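A closer look at the structure
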Amino acid sequence: MNHSSHSCFPGPRSGVPPTYEMLKEEHEVTVLGPPPGPGPVTSTVVNIRSDTVVPDHIVWSLFNTLFMNPCCLGFVAFAYSVKSRDRKMVGDVIGAQSFASTAKCLNIWAVVLGLLATIGTIVAVIILSPGIAQMISEIIERRRHGGH
């Protein structure tokens, strides 16, 4: 590491660390505002167009990747969401919309298949549990009476 002396405060006190008074003076100078002058004050306005806003569905894709990931649809949707975000960053709105649309479709399918699998599992447990309990009780009864 090179520890050369570099000061943020140029001037006669450049080798001395800044004191509270020095910092206060500099703050007071910046608070006073722009210097008075005969010219007009200019300002810059940045307009952000609303038609370039493309939802990339990255949070939804991440949720599906972590919790509902049938057939790896959540992971693939996450990949498309990242591609959509990348396209949006370089200014390719059409590409971003295309990748976002694919990610949305994959997310919908991941949620539908995940919910169907969850509901199917719950229904199967409810329907099959009395039969399984009866089969277990019959096996226990046979072993008590010595039969195999």
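Everything below is about the structure printed above this text.
None of these values were measured; they are calculated from a predicted model.

Cut-offs used in this document
Residues numbered from 1 in each chain as written. Predicted model: local features only at pLDDT ≥ 70, side-chain atom pairs only at ≥ 80, totals over all residues. Heavy atoms only, no water. Phe/Tyr/Trp six-rings, centres within 6.5 Å; stacked < 30°, edge-to-face > 60°. Helix = DSSP H or I, 4+ residues; strand = E, 2+ residues; numbered from the N terminus. Buried < 20%, exposed > 50% of the residue type's maximum accessible area, 1.4 Å probe, protein only. Lys NZ or Arg CZ within 6 Å of the ring centre and 35° of its normal. Patch = residues over 30% accessible without salt bridge, like charges linked within 9 Å, V, L, I, M, F, W, Y side chains within 5 Å. Areas by Shrake-Rupley, 256 points an atom, 1.4 Å probe, with all protein chains shown as cover. Salt bridge = Lys/Arg side-chain N within 4 Å of Asp/Glu carboxyl O. Axes fitted to C-alpha atoms, helices over the stretch in contact; angles between N-to-C directions. Parallel < 35°, antiparallel > 145°, perpendicular 65-115°, else oblique. Left-handed = near helix turned anticlockwise from the far one by under 90°. Contact = heavy atoms within 4.5 Å. Nonpolar A, V, L, I, M, F, W, Y, C, P; charged D, E, K, R; others polar.

This part takes up the packing of aromatic side chains. All told, the structure shown has two aromatic pairs when counted by the stated rule. Note on Tyr 80 and Phe 99: the rings are 5.8 Å apart at their centroids and 45° apart in plane angle, and the pair reads as tilted. Here Tyr 80 is found in helix H3 (residues 73–89), whereas its partner Phe 99 is found in helix H4 (residues 93–144), with 19 residues between them in sequence. Overall, Tyr 80 belongs to the partly exposed group, its relative accessible area being 27%. The ring of Tyr 80 is capped by Lys 83, whose NZ or CZ atom sits 5.3 Å from the centre of that ring.

Here the focus is a nonpolar patch on the surface. On the surface, Leu 115, Ile 119, Ile 122, Val 123, Ile 126, Ile 127, Leu 128, Ile 132, Met 135, Ile 136, Ile 139 and Ile 140 cluster together into a nonpolar patch covering about 1,100 Å² of accessible area. The class for Ile 122 is partly exposed, based on a relative accessible area of 48%.

Let's shift gears to the packing of helix H2 (residues 58–66) against H3. Where H2 contacts H3, the two axes come as close as 8 Å, and the packing angle between them is 160°. Put simply, H2 runs roughly antiparallel to H3. Of the two possible hands of crossing, H2 and H3 adopt the one that is left-handed. Counting all contacts with H2, which are made through Ile 58, Ser 61, Leu 62, Asn 64 and Thr 65, the residues of H3 involved are Gly 74, Phe 75, Ala 77, Phe 78, Ser 81, Val 82 and Arg 85. Its residues placed into classes, the contact of H2 with H3 shows six nonpolar, five polar and one charged.

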